[in-house]
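# An overview of the molecular structure
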Amino acid sequence: MAAKKDYFGLEYIVSLILAIFPPTSWVCGIVTRFMEGKIVAGILRIIPPIAFVCWILDIVFMVTKKEIFRLLDM
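Just so it is clear, the structure is predicted and the values come from calculations on it, not from any experiment.

### Regarding unusual backbone geometry
In this model, Phe8 sits at a positive phi of 65 degrees, which is unusual for a non-glycine residue. On the basis of relative accessibility, which here comes to 42%, the residue Phe8 falls in the partly exposed class. At Lys66, a position not held by glycine, the phi torsion is positive, near 60 degrees. Within the fold, Lys66 resides in the segment after helix H4 (48–64).

### Observations regarding the packing of helix H1 (residues 12–20) against helix H2 (residues 22–35)
At a closest axis distance of 5 Å, the pairing of H1 and H2 adopts a crossing angle of 115 degrees. Here Leu18, Ala19 and Ile20 of H1 come into contact with H2, specifically with Pro22, Thr24, Ser25 and Cys28.

### Concerning the nonpolar core
Tyr7, Leu16, Ala19, Cys28, Met62 and Ile68 form the largest nonpolar core, which has 6 residues in total. Ignoring sequence-local partners within four residues, the contact set of Met62 consists of Asp6, Tyr12, Ser15, Leu16, Ala19, Glu67 and Ile68.

### Some thoughts on the confidence of the model for the protein chain
For the protein chain, per-residue confidence averages 88 on the pLDDT scale, and 91% of positions sit at 70 or higher. Put simply, H1 is where the protein chain has its lowest mean pLDDT, 91, and H4 is where it has its highest, 93.

### Re H2
If you check H2, its first and last C-alpha atoms are 20 Å apart, about what 14 residues at 1.5 Å a residue would give, namely 20 Å. Those residues of H2 lying buried are Ser25, Cys28, Gly29, Ile30, Thr32 and Arg33. In this structure, the buried side of H2 is in contact with H1, helix H3 (39–44) and H4. A positive phi of about 85 degrees marks Gly37, the residue just after H2.

### Concerning the state of the cysteines
Within this structure, the stated rule accounts for 0 disulfides. Free of any disulfide, Cys28 has its nearest cysteine sulfur in Cys54, 14 Å distant. On the accessibility criterion, Cys28 (9% relative accessible area) is buried.

Criteria and thresholds
Residues numbered from 1 in each chain as written. Predicted model: local features only at pLDDT ≥ 70, side-chain atom pairs only at ≥ 80, totals over all residues. Heavy atoms only, no water. Buried < 20%, exposed > 50% of the residue type's maximum accessible area, 1.4 Å probe, protein only. Helix = DSSP H or I, 4+ residues; strand = E, 2+ residues; numbered from the N terminus. Axes fitted to C-alpha atoms, helices over the stretch in contact; angles between N-to-C directions. Contact = heavy atoms within 4.5 Å. Core = buried A, V, L, I, M, F, W, Y, C linked by side-chain atoms within 4.5 Å. pLDDT = per-residue confidence, 0-100. Expected span 1.5 Å × (residues − 1). Disulfide = S-S within 2.5 Å.

Structure follows, in structure tokens:
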């Protein structure tokens, strides 16, 4: 099975670099979730306290699982 590419289908290292910086991580996370058709998950990433937690979890998940944190992956 091919590795899942996050943030617009970019390679892992590029997605990891984008995940490190809060503004790019927030925007890319929101857009990625909307592109996947996960409207509720995208809206939740707009709310500041949830966005901050998702940013931290995105970094952790990118390092450990090589994919962004997927809240409400339904």
